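Examination of the molecular architecture
The primary structure of each chain is shown beneath.
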Amino acid sequence: MAIVTNISNDQLKEIYYLLVLTRNLDERGRKLFKQARFTGTYFSAVGQEATTVVPTYGLRKEDVIAPSHREIGANVAKGVPIKLIMAQIYARKTSPDKGKSHPCHYGYAPLRVITPASTVAAQVVVGTGAALAFKIRKVDNVVVSFFGDGATSRGGFHEALNFAGIHKLPIVYICQNNLWAESVPLRLQTALTDLSERAKAYGFPGVTIDGNDVMEVLRTSREAIEKARRGDGSTFIECKTYRWYGHSEIDPANYRAKEELEAWMKKDPIPHYEKYLLENKILDEKEKNKILVKVEKEIDEAVDFAEKSPYPAPEEALEDVYYGGDKT
Amino acid sequence: MKKVTFIEAITEALAEEMERDERVFLIGEDIGAYGGVFKATKGLYEKFGPMRVIDSPISEAFIAGGSVGAALMGMRAVPEIQFADFITPAMDQIIQQAAKLRYRSGGSYKVPIVFRVCCGGGIGGGLYHSQSNEAWFVDQPGLKVLFPSTPYDAKGLLKAAIRDENPVIYFEHKKLYRSIKQDIPEEDYTVPIGKAEVRTKGENVTIITYGLMVHYSLEASEKLSKEGISVEVIDLRTLLPLDKETILESVKKTGKAVVVHEANKTGGVGAEISAIIAEEAFEYLDAPIARVAGPDVPAIPFAPPMEDFFMVNPEKIANAVRKITAY
């Protein structure tokens, strides 16, 4: 685990709490889907928590998150109330999207989390535009753009990163390379092994790191965010990681070898980080158990909030088409 | 009052809105020092600098999607799509992002953008510099679609669009750019989005049209008036939302409707207008609704005789009117 400066033990503990909250919230979402407590499907990010929670932790309220569909951790770490995340999964009226989007497509305007579309990589383009706005207005906010390996094959992705390179935009691109674009393995997506090599083509640095190593993600993402904030341009960070479950909960993921999954489960980011905190006496068993109890209570409350929230009225389907009234 | 061309009206609207509101910025291909391939942004780069008049790489997906992201952060983006034919790489960003972001965020985001789209044929542009694809966008709720026909409306509607909080697709027919001049006020004005304009009053037949075809329809109506046929020409100006009231009021009076557009017929804007008339004014009709539109071929062909064959012209419009007048 790499050394990170300018971070207190309390902050390291808070990251631990956010990681555990994300993991347990995500596992609860899967369980609730299997119990048919909500409809549609569920896109789990279990196994990838370090790649979303850690880069988001410590961002300003004015900084932007441009997520995809596997960024529950970025929402949790940005401070989106988890009861709203749960209400979104349940498609309830109380959700920020008022039940209109889709499970796991979380957005929250008050904290500048941009509600994503399902067209992969589209959000990378939009996020880059948000960074352009900051550049034009000369404000030192940054954008953190999250996407998977699959997104790097899209044309819009190339256009966006190319533009960010030209104008040194304040955006950090976090690629969660979990080796599979739904069912298609990396070798059928690209001739590259390390996706960070793509950054060369855009004229800014690209690095490949162990996305399951919390301290490495922390150090790398903090440096990149500070650099972007200073006006020194973009960085592409490829986090090698793995999703433990299928593309969504209706995908058994039987295209993957059992051994591959088992090897990655051994590299679970959370126990490794927990061990680091315990060994360095940043966290003790008592505090750890307190966190676990707190997390479960918060999740229970969030589920309760979602289940007690009403569905939107059917005719609310006609609302939110246009700003300033929905009469066309 | 001052006399301006259609394109001068557009340049003036851009300059005045950029002066009025520092959040307004332009992005597009060749719009900077070069001033745009049609010179719509002439002089603006010098006046507002490279970060408010941004020369983009050939990247329509970014021009559109970058505008969306900037709009979400409070900017008012006015991207230029150099030719309507080249809007296809931007479609994901226009249709899935710009049009749907407000809806999918439960109304928590707004997306103020004006896509200036240069369109239209009859100028020898060939297959990929002549298309009119407004129907694609009229089919997408969440967008507004404008298609002015005069310098006065070009300026007033562009200003209204820039001040609107929603994504707007603003079509500019390139054949109008320098072919017509009109007196416009010196002072600031806007033209309301969603309101059609009756260009000439008439009693026997209603022509419903927009863009370049307004001028061709007016030519046809002059010719027809000499034959004793009194034609009312409605200039839609806005295609989404449609001013149904003005259309229906006129058709209820004349009992006959001809819908005219340059784009091909099938699935075109004329199909929607015809359907509205059939649904809501059926009992007032005393002749079938007629459509005058381009033929259903993939785009406007290059060879001059074929381009002429494709284009709607005053004679084709007059013939359609004569035919339904006979009922």
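Looking at an unreviewed UniProt entry, one finds chain A named 2-oxoisovalerate dehydrogenase subunit alpha and attributed to Candidatus Schekmanbacteria bacterium RBG_16_38_11. In its Catalytic activity (unreviewed entry) section, the UniProt record describing chain A reads: "N(6)-[(R)-lipoyl]-L-lysyl-[protein] + 3-methyl-2-oxobutanoate + H(+) = N(6)-[(R)-S(8)-2-methylpropanoyldihydrolipoyl]-L-lysyl-[protein] + CO2".

1. As for the overall build of chain B
Along chain B, the regular secondary structure elements total 12 helices and 14 strands. Relative to a compact globule of 327 residues, whose C-alpha radius of gyration would be 20 Å, chain B shows 19 Å and is just as compact. With respect to the three principal axes, the spread of C-alpha positions in chain B is 60 × 45 × 40 Å. Looking at chain B as a whole, 57% of its 327 residues qualify as buried. In chain B, 81% of the contacts between residues at least 6 apart in sequence involve partners at least 24 apart.

2. Observations concerning the packing of helix H5 (residues 122-137) of chain A against helix H3 (residues 60-72) of chain B
Where H5 of chain A contacts H3 of chain B, the two axes come as close as 6 Å, and the packing angle between them is 60°. Looking at the two axes, H5 of chain A sits oblique to H3 of chain B. Relative to H3 of chain B, H5 of chain A is oriented so that their crossing is right-handed. Along its contact with H5 of chain A, which presents Ala 122, Val 125, Val 126, Gly 127, Thr 128, Gly 129, Ala 130, Leu 132 and Ala 133 of chain A, the element H3 of chain B presents Ala 61, Phe 62, Gly 65, Gly 66, Ser 67, Val 68, Gly 69, Ala 70 and Leu 72 of chain B. Classifying every residue of the contact of H5 of chain A with H3 of chain B gives 11 nonpolar, 7 polar and no charged.

3. Comments concerning the interface of chain B and chain A
At the interface, 38 residues of chain B touch 36 residues of chain A. For the side of chain B that touches chain A, the elements supplying multiple residues, two or more each, are H3, helix H4 (91-98) and helix H5 (101-104) of chain B. Among the elements that take part in the side of chain B that touches chain A, H3 of chain B stands out by supplying 9 residues, more than any other. Per-class residue counts for the side of chain B that touches chain A are 16 nonpolar, 15 polar and 7 charged.

4. Thoughts on the UniProt feature "domain: Dehydrogenase E1 component" (unreviewed entry) in chain A
In this numbering, the UniProt entry assigns the feature "domain: Dehydrogenase E1 component" (unreviewed entry) to residues 19-315 of chain A. Annotated as residues 19-315 of chain A, this span is 43% helix and 10% strand, and its ends, taken at the C-alpha atoms, are 38 Å apart.

5. Focus on unusual backbone geometry
Glycine aside, negative phi is the norm for most residues, and most peptide bonds take the trans geometry. Residue and element names in this part refer to chain B. Note that the residue after Leu 240, namely Pro 241, is joined by a cis bond; omega there is 0°. Position of Pro 241 relative to the elements: it lies in the loop between strand E12 (238-240) and helix H9 (244-254). Of note in the backbone geometry, Asp 30 takes a positive phi value of approximately 65° without being a glycine. Note on placement: Asp 30 falls in the loop between strand E2 (24-28) and helix H2 (44-48).

6. Re the pairing of strand E5 (residues 113-119) of chain B
On a regular strand, each side chain points to the face opposite its neighbour's, so the side chains alternate between the two faces of the sheet. Residues and elements named next belong to chain B. Most of E5 sits out of view: 7 of its 7 residues are buried. Residues Ile 113, Phe 115, Val 117 and Cys 119 line one face of E5 and the alternating positions Val 114, Arg 116 and Cys 118 line the opposite face, and both faces are buried. Strand direction decides the pairing type here: strand E4 (residues 76-81) and E5, joined by 3 bridges, are parallel. Of the residues in E5, the one forming a bridge with Ile 81 is Val 117. Across 7 bridges, E5 lies against strand E7 (residues 167-173) in parallel orientation. Its bridge partner being in E7, Cys 118 is matched across the sheet by Glu 172.

7. Some remarks on the sheet that holds E4 of chain B
All names here are of chain B. Pairing within the open sheet is mixed, and its 7 strands lie in the order E3-E2-E4-E5-E7-E6-E12. Edge strands, defined here as strands with exactly one partner in the open sheet, are strand E3 (53-55) and E12. Ignoring strand direction, the axes of neighbouring strands in this sheet form an average angle of 20°.

8. Observations concerning the domain arrangement of chain B
All names here are of chain B. Structurally, chain B comprises domain 1 (2-184) and domain 2 (197-325). Each of domain 1 and domain 2 has a C-alpha centre, and the two are 26 Å apart. The interface is formed by 26 residues belonging to domain 1 together with 25 residues belonging to domain 2. Counting residues per element, the ones that place at least two in the side of domain 1 that touches domain 2 are helix H6 (134-138), strand E6 (144-146), helix H7 (151-163) and E7.

9. Notes on the sheet that holds strand E14 (residues 290-294) of chain B
Residue and element names in this part refer to chain B. Spatial strand order, E9-E11-E10-E13-E14: 5 strands in an open sheet with mixed pairing. Among the strands making up the open sheet, the edge pair consists of strand E9 (197-200) and E14. Sheet twist, expressed as the average angle between the axes of neighbouring strands with direction ignored, equals 25°. With 5 bridges joining them, strand E10 (residues 205-209) and strand E11 (residues 231-235) adopt parallel strand pairing. Counted as the bridge partner of Ile 207 is Val 233 from E11. Helix H10 (residues 269-280) contacts E10, strand E13 (257-264) and E14 of the sheet and is inclined by roughly 160° relative to E13.

Procedures and definitions
- Starting from 1, residues in each chain are numbered consecutively following that chain's sequence as written.
- To label them, take the chains in the order written and letter them from A, then take the ligands in the order written and number them from 1.
- The predicted nature of this model means local features are confined to residues of pLDDT at least 70 and side-chain atom pairs, given and counted, to a pLDDT of 80 or more, with totals for whole chains, interfaces and linings taken over all residues.
- UniProt positions are given in the numbering used here, feature names are shortened, and annotations may be inferred rather than shown by experiment.
- Secondary structure follows DSSP: runs of H or I at least 4 residues long count as helices, runs of E at least 2 residues long count as strands, and numbering of each begins at the N terminus.
- As defined in this context, the radius of gyration uses C-alpha atoms, and a globule is described by 2.2 Å times the residue total to the power 0.38.
- A residue is called partly exposed when the number of other C-beta atoms within 10 Å of its own lies between 12 and 20, exposed at 12 or fewer, and buried at 20 or more, with C-beta atoms placed from the backbone.
- Note on contacts: residues are paired as contacts if their backbone-placed C-beta atoms lie within 7 Å.
- The axes used here are C-alpha line fits, helices contributing only the stretch in contact, and every angle between their N-to-C directions lies in the interval 0 to 180 degrees.
- Roughly parallel covers angles under 35 degrees, roughly antiparallel covers those over 145, roughly perpendicular covers 65 to 115, and oblique covers all other angles.
- For any helix crossing, the convention is left-handed if the near helix is rotated counterclockwise from the far helix by under a right angle, and right-handed if that rotation is clockwise.
- Here the term charged refers only to Asp, Glu, Lys and Arg, the term nonpolar to Ala, Val, Leu, Ile, Met, Phe, Trp, Tyr, Cys and Pro, and the term polar to all other amino acids, Gly among them.
- Strands qualify as paired when DSSP identifies two bridges or more between them.
- An automatic or database domain assignment provides the domain bounds reported here.

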